[in-house]
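# Structural description and commentary
Okay, here's what each chain looks like letter by letter:
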Amino acid sequence: DVKVTQSSRYLVKRTGEKVFLECVQDMDHENMFWYRQDPGLGLRLIYFSYDVKMKEKGDIPEGYSVSREKKERFSLILESASTNQTSMYLCASRSGQRALRGQFFGPGTRLTVL
Amino acid sequence: DQQVKQNSPSLSVQEGRISILNCDYTNSMFDYFLWYKKYPAEGPTFLISISSIKDKNEDGRFTVFLNKSAKHLSLHIVPSQPGDSAVYFCAASGSGGGADGLTFGKGTHLIIQP
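Numbering of residues starts from 1 in every chain and runs along the sequence as written. Chain A is the first chain written and ligand 1 is the first ligand written, with later ones labelled in order. With the structure being a predicted model, the display of local features is reserved for residues of pLDDT at least 70 and the display and counting of side-chain atom pairs for 80 or more, all residues being used for whole-chain, interface and lining totals. Based on all heavy atoms of the structure, the side-chain values leave hydrogens and waters out of the count.

Working note: regular strand, side chains alternate between the two faces of the sheet. All names here are of chain B. Pairing of strand β6 (residues 56–59) with strand β7 (residues 62–67) involves four bridges; the strand directions are antiparallel. Residue pairing in the sheet places Glu 58 in a bridge with Thr 63 of β7. In this antiparallel pair of consecutive strands, β6 and β7, the connection spans two residues, and Gly 60 shows a positive phi of 65°. Two strands are said to pair when DSSP picks up at least two bridges between them. Runs of E in the DSSP output that reach at least two residues are strands. Runs of H or I that reach at least four are helices, and both are numbered from the N terminus.

The next point concerns the sheet that holds β6 of chain B. Sheet architecture is open: five strands sit in the order β1-β3-β8-β7-β6 (chain B), paired in antiparallel fashion. Only two strands of the sheet have a single neighbouring strand rather than two, namely β1 (4–5) and β6 of chain B.

Residue and element names in this part refer to chain B. For every residue, the accessible area obtained with a 1.4 Å probe (protein chains only) is divided by the maximum for its type, and the residue is called buried under 20%, exposed over 50%, and partly exposed between those limits. Counting buried residues along strand β9 (residues 86–93), seven of its eight residues qualify, which places the element largely inside the surrounding structure. Judged from the seven bridges that link them, strand β4 (residues 32–38) and β9 form a sheet pairing that is antiparallel. Bridge pairing links Lys 37 to Tyr 88 in β9. Taken together, the three bridges between β9 and strand β11 (residues 108–113) define a ladder with antiparallel strand orientation. If you follow Ala 86 over to β11, its bridge partner there is Leu 110.

Frequently, the measure chosen for interface size is the accessible area removed from exposure when the parts meet. Taken together, the 22 residues of chain A in the interface contact 23 residues of chain B. Two parts placed together each lose some accessible area under a 1.4 Å probe, and the buried area is that loss summed for both. When the two sides are added together, the surface that chain A and chain B hide from each other amounts to roughly 1,800 Å², 59% of it contributed by carbon and sulfur. When a carboxyl oxygen of Asp or Glu is within 4 Å of a side-chain nitrogen of Lys or Arg, the pair counts as a salt bridge. Inspection of the chain A/chain B interface yields zero salt bridges. The term polar contact refers here to a pair of N or O atoms within 3.5 Å; inside protein, the definition further demands a hydrogen-donor-capable atom paired with an acceptor-capable atom, and it admits residues adjacent in sequence only when both atoms are side-chain atoms. In this assembly, chain A and chain B are joined by four residue pairs in polar contact (both at pLDDT 80 or more). For the side of chain A that touches chain B, the secondary structure elements donating two or more residues are β4 (31–38), β5 (42–49) and β9 (87–94) of chain A. Residues are grouped as follows: Ala, Val, Leu, Ile, Met, Phe, Trp, Tyr, Cys and Pro are nonpolar; Asp, Glu, Lys and Arg are charged; every other residue, Gly included, is polar. A breakdown of the residues in the side of chain A that touches chain B according to their chemical character gives twelve nonpolar, seven polar and three charged. Pairs of residues are marked as contacts when any of their non-hydrogen atoms sit within 4.5 Å.

We now examine the nonpolar core. Ranked by size, the top nonpolar core spans 23 residues in total, and within it Phe 33, Trp 35, Leu 73, Leu 75 and Tyr 88 of chain B carry the most contacts. The set of elements that each furnish at least two residues to this core consists of β3 (19–25), β4, β5 (45–51), β7, β8 (72–77), β9 and β11 of chain B. The next biggest cluster of nonpolar side chains, apart from the first, holds 20 residues, and it includes Leu 11, Tyr 47, Phe 74 and Tyr 89 of chain A. The term nonpolar core refers to a set of buried residues drawn from Ala, Val, Leu, Ile, Met, Phe, Trp, Tyr and Cys, joined through side-chain atoms within 4.5 Å.

Quick look at the layout of surface pockets now. Here a cavity denotes a set of grid points, spaced 1 Å apart and computed over the protein atoms alone, in which a 1.4 Å probe fits but from which it cannot get out, and a pocket denotes an open set meeting protein on both sides within 12 Å along at least five of seven lines; residues with an atom within 4 Å of a point are reported as lining. Grid points are joined across faces, edges and corners, and a volume is the space filled by probe spheres set on the points. Looking at the largest pocket, its volume works out to about 470 Å³. Secondary structure elements with two or more residues in the lining of the largest pocket: β4, β9 and β11 (109–113) of chain A together with β9 and β11 of chain B. Sorting elements by how many residues they give to the lining of the largest pocket places β9 of chain B first, with three residues.

Bringing unusual backbone geometry into the picture now. Omega for the peptide link from Val 78 of chain B to Pro 79 of chain B comes to -10°, which places this bond in the cis form. In this structure, Pro 79 of chain B sits in the loop between β8 and β9. With a phi close to 65°, Lys 53 of chain A is a non-glycine residue in the positive phi region. Position of Lys 53 of chain A among the secondary structure elements: in the loop between β5 and β6 (56–57). Located in the positive-phi region is Lys 71 of chain B, a residue other than glycine, with phi close to 55°.

Listed below in structure tokens is the structure:
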């Protein structure tokens, strides 16, 4: 089974801090994604990557950046955390060849920015 | 503008009966449709998917129906079980099969009553 792990389940940070959220997958998937989930808004795509060192903006990239230095690891960076970035952050990965199997999600990181 | 819509925030169904979750979309370029199930404090898990060239896909108790002309899909769960209580997200992707991320609806909270 695919395993997607995220470095923290819960995180509390202060406004203005730089925040790193780490995601690792163990199935050699080409594609990796970062979403945030907010009540009443569903999941929204922040950034995605289809290869090492490649990144593409999703629907809501403002205030975020990403890094993919190794195939298995995809990091989400909040350069200067703000209270409106309090959310559940979900990482996902997907094989490039198996569209109908969907994306595999990690357990999520609940980030609170005070 | 929301491209994937789940108009029912919640749905209550008696155990053993059929649960029908609905989803509408506006983007005719979507090629793949997926359903995810999410429990609190966990990442979404893939449930079932359908390609736009089909109108039905079945997997055990779960069946997804696609009506392309109406831009509507539905998930049927028969019979409904207590463990089916969760939030269900409808998602769609373009011809890349989700390599560029998924577009999610806001979710429907399914409650199975004993």
